[in-house]
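Spelled out from the first residue to the last, the chains are:
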Amino acid sequence: MAIWDRAPSETKTQDVQEVKITYSDGSDGVESPAYEYAEGEGPPAGHTALHKGLGSRQITMIAIGGALGTGLIIGTGKALAQAGPASILISYTLIGMLVFLVMCALGEMAAWIPEPGGFVPYATRYVDPALGFALGYTYWFKYLITTPNQLTAAALVIQYWVPAHKVNPGVFIAVFLVSIIAINYLGIKFFGELEFVLSSAKVLVIVGLIILSLVLALGGGPDHDRKGFRYWKEPGAFAPYIATGALGNFLGLWSSMITAVFAYLGIELVGVTVGETKNPRKNIPAAIKLTFYRILFFYVLSVLFLGMLVPYNSPGLVFANKKSNSASASPFVLAISLAGVKGLPGFINGCILLFVFSASNSDLYIASRTIHGLALRRQAPAILARTNKAGVPIYSLGISAAVACIAFLNCADSSKAVFNYLINLVTIFGLLSWISILVSHICFVKARKAQGVPLADVPYRAPLGIWGSYVALFFCCLIALTKNFSVFTRSPKTYGAFDYKNFVTGYLGIPLYLILIFGWKVGMKSKRVKASKADLFGGKAIIDREQREADALDAEKLDGKGWFYRRFVAWLF
């Protein structure tokens, strides 16, 4: 019998989601004292539990469409102009495989013990509480900034129909901000249903663009021009960047790798939902398995067809890259226009508005759940752990929404530069979160082996195991250190031989992260978690019981249903 299947000792009566299990059987060298919270440990007093309102249908669609955003529909244009079609195809494919390894690592830990607060608790459990502290606050800060950034993008998109001189963009920022606050306040069920609809719409848009791009590449457009791989020959498959020749081609490829990373950021959204997912051991791994196919279909095919339709030296592409967030900024609009199709820019603009609204909604959700998880572990004020009757962390939502008001800074031209520097600062935190997930997974696997947990008892295993995490960790660290390599090249039009402003904002996140880690270690005297002492079993008995109940309920619902219903229809309900 596995250690965690043994009967737990007497515990204090608390809500199920707040209990930490210990075990009375101390055989096999497992030290298991009777359950008792030490002073200062455990969740804060009061109602702090989140509600499990996300079913397989919502989780599946959030996993498929949750991270589809302007990084794909707009950001690919800059990468194409800077690096060429072959470079973006290679970079989006390689970074996609890296992202898949990160998601598999997250899925293995989340399937073992799903916890509120996303993936931050795993850093605390398996690595060091200091890492969990630093990860939590930098991840929260990242979404405190990206939420108002998305709100600003939405206001800019609206200017396609309503110019700024007629209606101040601040009006639309206020409307969108109030809307996403209301959606998040109404509870996880409403949020899940709306994200299901929005993600479904985003998937339909991307699928439609891919199909249309294929038709145009094969000569099905009004110009009847079968382009194929013509632009891979002239002007070429690779665009030189900064330098010329082979070095310039390599720098272009590497710059597109960095662009691809930021197109994939936010793909870990499904990991933040584990604390509010029904039967997470079944639904989270199933959703994460879809990541591979989503990357292959949405990202790789999109950039492949885009490179077939638009030459990297197209004047229209240069124009698009100056337009930030509008239909004019999308390289797909340019591809459609070059093929002679008319009347679609307005439709694409509406789709971009849908993308940024969905992104701002999920960004606020992530911010509120992240700080709520920190408060549960007493790494943030206790009041932020409190939830209302609907299971919404209202105080965490309130403080995250209040910070989102900095979006109004963009109404003044003088403050836009400062806001852009903040965006450059927080993008490094996305990479640092992936690095932390991989480090946590490596420590988790080592703890599993040290404590004799058989592989057969692991609900979901990363396909490449610990070695896949090592490889992904190496490349994440390499990209984090080189993501702003262009600041070291001479650029007289900016800051001469050294672009110090973008250097500071591009790399400041790394020392900030290290300061948070070592600050917590010194101030709280935390120590690295030993593999033999890592908390693999706290709360696991409760998850096991919930899973058995959920499996029994699912079996009852499917009793007497045919194979087709069970395989293709049941997940909808």
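Numbers given to residues run from 1 along each chain, matching the order in which its sequence is written. Restriction of local features to residues with pLDDT of at least 70 applies here, the model being predicted, together with a cutoff of 80 or more for giving and counting side-chain atom pairs; totals for whole chains, interfaces and linings are based on all residues. The basis for the side-chain values is all heavy atoms of the structure; hydrogens and waters are excluded.

Enquirer: I'd like a rundown of the overall build of the chain, residues and numbers included.
Expert: Helix and strand content of the chain: 22 helices and zero strands. Split into buried and exposed, the 573 residues of the chain put 55% on the buried side. Accessible surface computed for the chain: about 24200 Å², of which carbon and sulfur atoms make up 65%. Each helix corresponds to a stretch of at least 4 residues labelled H or I by DSSP, and each strand to a stretch of at least 2 residues labelled E; elements are numbered beginning at the N terminus. Throughout this description, buried means an accessible area under 20% of the type-specific maximum (1.4 Å probe, protein chains only), exposed means over 50%, and partly exposed covers the range between. Areas reported here follow the Shrake-Rupley algorithm with a probe of radius 1.4 Å; residue values treat only the protein chains shown as occluding.

Enquirer: Report on the side chain of glutamate 115, specifying residues and quantitative values.
Expert: With respect to the secondary-structure elements, glutamate 115 resides in the loop between α4 (85–112) and α5 (120–126). What makes glutamate 115 buried here is its relative accessible area of 15%. Pairing of N or O atoms within 3.5 Å defines a polar contact, subject to two protein rules: one partner must be a possible hydrogen donor and the other a possible acceptor, and residues neighboring in sequence count only if both atoms are side-chain atoms. At 2.4 Å, the side chain of glutamate 115 and the side chain of arginine 125 are in polar contact. Residue contacts are defined here by distance: any two heavy atoms, one from each residue, within 4.5 Å place the two residues in contact. In this structure, glutamate 115 is in contact with Pro121, Tyr122, Arg125, Val274 and Gly275, ignoring residues within four places of it in sequence.

Enquirer: Could you give an account of the pattern of salt bridges, naming the residues involved and the relevant values?
Expert: In what follows, salt bridge is the name for a side-chain nitrogen of Lys or Arg lying within 4 Å of a carboxyl oxygen of Asp or Glu. Enumeration over the complete set of coordinates arrives at seven salt bridges. With a shortest N-O distance of 2.5 Å, arginine 230 and aspartate 225 are connected by a salt bridge. Note on aspartate 225: relative accessible area 22%, which makes it partly exposed. Several salt bridges share partner residues, and in doing so they unite Asp223, Asp225, Lys227 and Arg230 into one network.

Enquirer: Can you explain the environment of lysine 540? Please cite residues and give values.
Expert: Relative to the helices and strands, lysine 540 resides in helix α21 (residues 540–558). Residue class for lysine 540 comes out buried when judged on its relative accessible area of 4%. Residues lysine 540 and proline 114, 426 residues apart in the sequence, show an inter-C-alpha distance of 8.9 Å.

Enquirer: Before we move on, can you summarise the environment of isoleucine 183 with the specific residues and values?
Expert: In this fold, isoleucine 183 is placed in helix α7 (residues 169–185). Under the relative-accessibility criterion, isoleucine 183 is labelled buried at 8%. As a C-alpha pair, isoleucine 183 and leucine 194 span 11 residues in sequence and 8.3 Å in three-dimensional space. Setting aside anything within four residues of it in sequence, one finds isoleucine 183 in contact with Phe190, Phe191, Leu194, Phe357 and Asn361.

Enquirer: Any details on the packing of α4 against helix α18 (residues 465–482)? Residues and values, ideally.
Expert: Where α4 contacts α18, the axes come no closer than 9 Å and their chain directions differ by 125 degrees. Relative to α18, the element α4 is oriented oblique. Both α4 and α18 take part in a crossing whose hand is left-handed. Every residue of α18 that contacts α4 at Ile95, Leu98, Leu101 and Ala105 is listed here: Gly468, Ser469, Ala472, Phe475, Cys476 and Ile479. Each residue receives one of three labels: charged for Asp, Glu, Lys and Arg, nonpolar for Ala, Val, Leu, Ile, Met, Phe, Trp, Tyr, Cys and Pro, and polar for the others, Gly being one of them. Residues that form the contact of α4 with α18 fall into these classes: eight nonpolar, two polar and no charged. Where helices are involved, their axes are fitted lines through C-alpha atoms of the stretch in contact, as for all axes, and angles between N-to-C directions lie from 0 to 180°. Each angle receives one of four descriptions, namely roughly parallel if under 35 degrees, roughly antiparallel if over 145, roughly perpendicular if within 65 to 115, and oblique otherwise. Left-handed describes a crossing in which the near helix is turned anticlockwise from the far one by less than a right angle; the clockwise case is right-handed.

Enquirer: Break down helix α16 (residues 394–403) for me, with residues and values.
Expert: When α16 is considered as a whole, its buried residues turn out to be Ser396, Leu397, Ser400 and Ala401. Buried residues of α16, viewed axially, fall in a sector of 125 degrees; they line one side. The inward-facing, buried residues of α16 contact α6 (129–158), α7 and α15 (345–376). Note that the arc is computed from the directions linking the helix axis to the C-beta atoms.

Enquirer: Kindly report on the side chain of threonine 370, identifying the contributing residues and their values.
Expert: Position of threonine 370 relative to the elements: it lies in helix α15. With residues up to four places along the chain from it excluded, the contact list for threonine 370 reads Gly136, Tyr139 and Trp140.

Enquirer: I'd like a description of unusual backbone geometry, backed by residues and values.
Expert: Residue proline 235 is reached from glutamate 234 by a cis peptide bond, and omega for that bond is 15 degrees. A positive phi is found at arginine 378, a non-glycine position, where the angle reads about 60 degrees. Positionally, arginine 378 belongs in the loop between α15 and α16. Not every positive phi belongs to a glycine, and lysine 525 is a case in point at roughly 55 degrees. Tracing the backbone shows lysine 525 in the loop between α20 (509–524) and α21.

Enquirer: Report on the packing of aromatic side chains, specifying residues and quantitative values.
Expert: Any two rings among Phe, Tyr and Trp, with Trp reduced to its six-membered ring, count as a pair given centres within 6.5 Å; such a pair is stacked if its planes are under 30 degrees apart, edge-to-face if over 60, and tilted if neither. Taken as a whole, this structure holds 20 aromatic pairs when the rule is applied. Here the aromatic rings of tyrosine 137 and tryptophan 140 are separated by 6.2 Å at their centres, their planes lie at 75 degrees, and the arrangement is edge-to-face. Of the two residues, tyrosine 137 and tryptophan 140 both sit in helix α6, three residues apart, roughly one turn of that helix. For the pair tryptophan 467 and tyrosine 470, a centre-to-centre distance of 5.4 Å together with 45 degrees between the ring planes defines the contact as tilted. Of the two residues, tryptophan 467 and tyrosine 470 both sit in helix α18, three residues apart, roughly one turn of that helix.

Enquirer: Tell me about the environment of asparagine 361, and name the residues and values.
Expert: Of note, asparagine 361 is situated in helix α15. Once residues within four sequence positions are removed from consideration, asparagine 361 is found in contact with Ile180, Ile183, Asn184, Phe191, Leu194 and Glu195.

Enquirer: Can you lay out the state of the cysteines for me, pointing to particular residues and giving the numbers?
Expert: The disulfide criterion used throughout: a pair of cysteine sulfur atoms within 2.5 Å. Taken as a whole and assessed by the stated rule, the structure comprises zero disulfides. Among the cysteines around cysteine 476, which has no disulfide bond, cysteine 477 carries the closest sulfur, lying 7.0 Å off.

Enquirer: Can you explain the packing of α6 against α15? Please cite residues and give values.
Expert: The geometry of α6 relative to α15 is characterised by a closest axis approach of 8 Å and an angle of 155 degrees between their N-to-C directions. Looking at the two axes, α6 sits roughly antiparallel to α15. Judged by the twist between their axes, the crossing of α6 over α15 is left-handed. In terms of residue class, the contact of α6 with α15 is built from 20 nonpolar, eight polar and one charged.

Enquirer: Requested: an account of the confidence of the model for the chain, with residues and values cited.
Expert: Per-residue confidence for the chain gives a mean pLDDT of 79; residues scoring 70 or more make up 82%. Confidence, expressed as mean pLDDT per element, reaches its minimum in the chain at helix α22 (residues 563–569) with 58 and its maximum at α18 with 93. Known as pLDDT, the predictor's confidence for each residue is given on a scale from 0 to 100. Counting contacts from residues 1–41, a segment whose pLDDT is below 50, to residues more than four positions away or on other chains yields 70 contacts.

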